[in-house]
Amino acid sequence: MTLPPTHVWLNALLFGLQSVQDALLWALHALGIAGETHGAPAWPWGSRIAGENLIIDVALARQFAWTLAALAFAIACVLIAIFWRRARRWLIAAAIASLLFAPWPSSSLWLTAAVPTSFHTNPSGFTVESIARGAHVYAAQCAACHGADGRGEGPQAAALRRWPPTMASALLSRRADGELFWHVLYGMRDDAGVTMPGFTGRLSDKEIWAALDYMRVLSASAGMAAGGSWPVPIALPALTVTCGDAPARSLSQWRGTQRVRVVAVDTRHPAPFEDPRFLTLLIRRDETALFDTRLRALPGAVAGVRRVSAPLADGLRATARPAIATTVASTTTTLGARADCFADSPEAWPVFAQIAGTTPAELAGTEWLADRDGWLRALAPTGKRGWADGGLLCTTSSVGALLTSPAAPDPLSATLRQMDNEPVRFIKGGFVH
């Protein structure tokens, strides 16, 4: 018999364990056994199943899976024995034998410390607006120790008893979101004392969740700077999408379960043509805000700006419109329609620039790919070579460079195939790749 690939059964095991713990928590809360904290049910125990340990130790995960199978078999035998009296003796014996021969792993290996908010997540979701808000919170409250780049080398870091951890690692994926929230709120201690102060009374729950969202983006940025990849998977941030004259829709409503290509466009990098292999989302810079900022930076510049009257501007548009329409029509007939779905958020441009590990001024022309589950997986930097220079930045194997090498006839198609063949794996403390 051919066993399924490791990532298939391991993913199913971890997802099942997470679902069972979630269901148990909500059931206890509904029965009044588990209380509530910070607007969600509170985990009532000091331990939880450590999915983050199981995923890095396949032998332990396999041992744990066989133990669960033996336990399930024993329970089934007992239930059948209740109704089948003639075979009760043999069924009870089989249940006992399965428990005796089960490869019980040490509880210290598959249990880890938990806090009341271990199973909490950001109630507003991972959004562009939350990330932008978190950037301000991080700069004001966190950068002094953790550093503006997230590498743990802020100006006050040397005065601490323990250096802050770097964001350019898989740190965030090994901690549950709710546990990070708890540690930011109440601080961290070891046997020698406080290792990180808490922010109770200084930051609201919303601000803490926003800072954690920004830390994910900062982790991607720091990873790009350190090794040219993302140390942890990062989701495609939620935002509002506007397509042509259609009403604005949320990202989840617009994309459904389709892949998404994100493209940063400007006057020198126009919108690409639609591709049936994915939906295309365009992000553009808020040129009005940028222009106003530059004017404010130049004393006396505003007085020298000559405003064009509305009638004159309308006349210029009307004169140019026929020529533009003719050009667009001929191009569309040859190559199809250009993408026209835009991210309706001024914060999208700087957020995606940080995810790409570049500056907003150099972002135009950059492309990203998100898989069907909504995870950003690949990036193509701006330039003439496009996806020949791009590829998966979130992968489970070392063959990505071969699949997306310049010798490949279609690097984009190779990247899409690899992205589909290597889904992001699930663990309790987050997601790893």
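Structural data are supplied above this passage.
In this text, all values refer to a predicted model and were calculated from it rather than measured experimentally.

What to know about helix α6 (residues 128-141)
Working step 1: Taking 1.5 Å per residue as the helical rise, α6 with its 14 residues ought to reach 20 Å, and the 20 Å between its terminal C-alpha atoms agrees with that figure.
Working step 2: The set of residues buried in α6 consists of V128, S130, I131, A132, G134, V137 and Y138.
Working step 3: Buried-residue contacts for α6 involve α7 (143-146), α9 (205-227) and α13 (348-355).

Some words on the environment of G193
Working step 1: Along the polypeptide, G193 turns up in strand β6 (residues 193-196).
Working step 2: If near-sequence neighbours (up to four positions away) are discounted, G193 is found in contact with R161 and M188.

Some details on the packing of α6 against α9
Working step 1: Packing of α6 against α9 brings their axes to within 7 Å, and their N-to-C directions diverge by 95°. When the interaxial angle is binned, α6 and α9 end up roughly perpendicular. Counted together, S130, I131, R133, G134, A135, V137 and Y138 of α6 and K206, E207, W209, A210, A211, D213, Y214, M215, V217 and L218 of α9 form the full contact between these two elements.
Working step 2: Here the residues of the contact of α6 with α9 are counted per class, giving eleven nonpolar, two polar and four charged.

Details of the packing of aromatic side chains
Working step 1: The final tally for this structure, using the stated rule, is seven aromatic pairs.
Working step 2: Arranged with centres 4.5 Å apart and planes meeting at 40°, the rings of W43 and F119 form a pair that is tilted. Taken together, the positions of W43 in the loop between β2 (40-41) and β3 (47-49) and F119 in the loop between β4 (111-113) and α6 put the pair 76 residues apart, joining distant regions of the chain.
Working step 3: With a centroid separation of 4.5 Å and 50° between ring planes, the pair formed by W182 and Y186 is classed as tilted. Here Y186 and W182 lie together in helix α8 (residues 177-186), a separation of four residues that amounts to about one turn.

Focus: unusual backbone geometry
Working step 1: Positive phi, normally seen in glycine, also occurs at H38, with a value near 50°.
Working step 2: Checked against the element boundaries, H38 lands in the loop between β1 (36-37) and β2.
Working step 3: Looking at H38, the relative accessible area reads 31%, which means it is partly exposed.

A few points about the nonpolar core
Working step 1: Counting 57 residues, the largest nonpolar core has W230, I283, F352 and W368 as the members making the most contacts within it.
Working step 2: Counting residues per element, this core draws most heavily on α9, which supplies ten residues.
Working step 3: By size, the runner-up hydrophobic cluster in this structure holds ten residues, among which are L14, L54, I55 and A61.

Examining the side chain of S345
Working step 1: Within the secondary structure, S345 sits in the loop between β12 (341-343) and α13.
Working step 2: Note on S345: relative accessible area 6%, which makes it buried.
Working step 3: Here the side chain of S345 touches E347 through a polar contact of 2.9 Å, side chain to side chain.
Working step 4: In contact with S345, other than residues within four places in its own chain, are V128 and E129.

Analysis parameters
Residues numbered from 1 in each chain as written. Predicted model: local features only at pLDDT ≥ 70, side-chain atom pairs only at ≥ 80, totals over all residues. Heavy atoms only, no water. Helix = DSSP H or I, 4+ residues; strand = E, 2+ residues; numbered from the N terminus. Expected span 1.5 Å × (residues − 1). Buried < 20%, exposed > 50% of the residue type's maximum accessible area, 1.4 Å probe, protein only. Contact = heavy atoms within 4.5 Å. Axes fitted to C-alpha atoms, helices over the stretch in contact; angles between N-to-C directions. Parallel < 35°, antiparallel > 145°, perpendicular 65-115°, else oblique. Nonpolar A, V, L, I, M, F, W, Y, C, P; charged D, E, K, R; others polar. Phe/Tyr/Trp six-rings, centres within 6.5 Å; stacked < 30°, edge-to-face > 60°. Core = buried A, V, L, I, M, F, W, Y, C linked by side-chain atoms within 4.5 Å. Polar contact = N/O pair within 3.5 Å; in protein donor to acceptor, adjacent residues only side chain to side chain.

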